[in-house]
Amino acid sequence: MIGKKWLPALSALVMAAGITTGGGAAMAKEKHKDILNVSHRGASGHAPEHTLVSYDMGEKMHGDYIEVDLQMTKDGQLIAMHDEKVDRTTDGTGYVKDMALSEVKALDAGSWFNEAYPAYANEKYEGLQVPTLEEVFQKFGKNNSYYIETKSPNIYPGMEKELLRLVNKYDINKDKLLVQSFSAESLKIMHELDPSIKLVQLLSYRSNATITNEEIAEIKEYAMGVGPNHTYLNEEYIQKVVNNGLEIHPYTVNDKERMQQLIDWGVTGMFTNFPDLLHEVKKGK
């Protein structure tokens, strides 16, 4: 009787031993597999950022999420663009908020890339348009994985409401949707509008990254993760965040050695302009 009573405990010990010895390599592989590979502005190291071509390429290079930065036109249309001004990534000038969608659509959002990155230039990029969020949803479908950022929400009142309207209109799978912002206020508005949407608080550090228990507790009231810039991260920071039950998806990591180091430190995902490189790291190449 005594022998039978202790069998379950013995089995547990044997399993634990397997994990700490031979099973360790298997666990490490699993850890790599679970790292979210977020195509930053699409595969923006290979193609003009925030174009349908870039998003498509990100998918082909094994990116897990299509990342879309949002700006809003003066006629209330959400478009995919990182900057408040169109100057850097198109042949136009001026603020998005001062332009109608028709004006934005007339811009060339691809040629600049060929000039800036001749090694990756492609004549097919000339004349690419700035997509609307609606067009992104139409092309990639309701069951794709989207990582959407509300940019400069203080400039665009109602941005969160319009984002949610389009998410619901296209029946986007909310289990595969993440919404991020540097603005805690914008995320809290999203949380009030629809508590089921998963949120990530973006953070920016200019020196050694530290985070207090109080800051973590406050973020956990509305978000399920944080997205700090990777430059000043350390293992202690990452472990503290993860051990407190938050995801951590640093941005923007384009070097394989740094990718590997961050995975070893315990991140749960990361943003990269080169999703193909992160895929290789995850595969152990």
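For the structure itself, consult the block above.
In this text the structure is predicted, and so the values were computed from the model without any measurement.

**Quick look at the layout of surface pockets**
Regions of empty space are outlined by a rolling probe, equal in size to a water molecule, passed over the atoms.
Part 1: By volume, the second largest pocket is sized at about 190 Å³.
Part 2: Around the second largest pocket sit 13 residues that line it, and Ser-44, Gly-45, Glu-49, Tyr-117 and Asn-273 are the ones nearest its centre.
Part 3: Here the residues of the lining of the second largest pocket sort into six nonpolar, four polar and three charged.

**Some details on the pattern of salt bridges**
Part 1: The final tally for this structure, using the stated rule, is 14 salt bridges.
Part 2: Residues joined in a network through salt bridges with shared partners are Arg-41, Glu-49, Asp-69, Asp-83 and Arg-88.

**Comments concerning helix 8 (residues 184-193)**
Turn by turn, an α-helix covers 3.6 residues, leaving residues three or four places apart pointing in a common direction.
Part 1: Listed as buried for helix 8 are Ser-186, Leu-187 and Met-190. What you see down the axis of helix 8 is that its buried residues fit within an arc of 100°, all on one side. Opposite its buried face, helix 8 presents the exposed residues Glu-185 and Glu-192, each directed more than 90 degrees away.
Part 2: Its buried side turned inward, helix 8 meets strand 4 (146-150), helix 7 (159-169), strand 5 (177-181) and strand 6 (198-203).

**Considering the pairing of strand 1 (residues 36-39)**
Part 1: The alternating pattern of strand 1 places Leu-36 and Val-38 on one face and Asn-37 and Ser-39 on the opposite face, and all of these are buried.
Part 2: Relative to strand 9 (residues 269-272), strand 1 runs parallel, the two sharing four bridges. Bridge assignment links Asn-37 to a residue of strand 9, and that residue is Met-270.
Part 3: Here strand 1 pairs with strand 2 (residues 65-72) via two bridges, running parallel. Its bridge partner lying in strand 2, Ser-39 is registered against Ile-66.

**A closer look at the pairing of strand 6**
For a regular strand, side chains alternate in direction, first toward one face of the sheet and then toward the other.
Part 1: The element strand 6 is extensively covered by neighbouring structure, given that five of its six residues are classed as buried.
Part 2: Here four bridges tie strand 5 to strand 6, and the two strands are oriented parallel to one another. Bridge assignment links Leu-178 to a residue of strand 6, and that residue is Lys-198.
Part 3: Once the chain exits strand 5 it traverses helix 8 before rejoining the sheet at strand 6, and the crossover so formed is right-handed.

**A word on the packing of helix 7 against helix 8**
Part 1: Two numbers describe how helix 7 lies on helix 8: the axes approach to 9 Å, and their chain directions differ by 45°. For the element pair helix 7 / helix 8, the angle class is oblique. Considering only the axes of helix 7 and helix 8, their crossing is right-handed. Here helix 7 contributes Glu-160, Lys-161, Leu-163 and Leu-164 to the contact with helix 8, which in turn contributes Ser-186, Ile-189, Met-190 and Leu-193.
Part 2: Residue composition of the contact of helix 7 with helix 8, by class: five nonpolar, one polar and two charged.

**Description of the packing of aromatic side chains**
Part 1: One pass over the structure, following the stated rule, counts twelve aromatic pairs.
Part 2: Relative to Phe-140, the ring of Tyr-55 has its centre 6.4 Å away and its plane inclined at 75°; by these criteria the two rings are edge-to-face. Note that Tyr-55 is positioned in helix 3 (residues 52-60) and Phe-140 in helix 6 (residues 133-140), a separation of 85 residues in sequence. The two residues Tyr-55 and Phe-140 agree in class, both being buried.
Part 3: Ring geometry for Phe-182 and Tyr-251: centres 6.2 Å apart, planes at 85°, overall edge-to-face. Taken together, the residues Phe-182 in the loop between strand 5 and helix 8 and Tyr-251 in the loop between strand 8 (247-248) and helix 11 (256-265) connect sequence positions 69 residues apart.
Part 4: Above the plane of the ring of Tyr-95 lies Lys-85, whose end atom (NZ or CZ) is 5.2 Å from the centre.
Part 5: Above the ring of Tyr-95, the side-chain terminus of Lys-97 is found at 5.4 Å from the ring centroid.

Rules behind the numbers
- Residues numbered from 1 in each chain as written.
- Predicted model: local features only at pLDDT ≥ 70, side-chain atom pairs only at ≥ 80, totals over all residues.
- Heavy atoms only, no water.
- 1 Å grid on protein atoms, 1.4 Å probe; cavity = no way out; pocket = protein on both sides within 12 Å on 5 of 7 lines; lining within 4 Å.
- Points joined across faces, edges and corners; volume = space filled by probe spheres on them.
- Nonpolar A, V, L, I, M, F, W, Y, C, P; charged D, E, K, R; others polar.
- Salt bridge = Lys/Arg side-chain N within 4 Å of Asp/Glu carboxyl O.
- Buried < 20%, exposed > 50% of the residue type's maximum accessible area, 1.4 Å probe, protein only.
- Helix = DSSP H or I, 4+ residues; strand = E, 2+ residues; numbered from the N terminus.
- Arc of directions from axis to C-beta.
- Contact = heavy atoms within 4.5 Å.
- Pairing = 2+ DSSP bridges.
- Right-handed = clockwise from strand over helix to strand, strands pointing away.
- Axes fitted to C-alpha atoms, helices over the stretch in contact; angles between N-to-C directions.
- Parallel < 35°, antiparallel > 145°, perpendicular 65-115°, else oblique.
- Left-handed = near helix turned anticlockwise from the far one by under 90°.
- Phe/Tyr/Trp six-rings, centres within 6.5 Å; stacked < 30°, edge-to-face > 60°.
- Lys NZ or Arg CZ within 6 Å of the ring centre and 35° of its normal.

That's the geometry; what it means functionally is another story.
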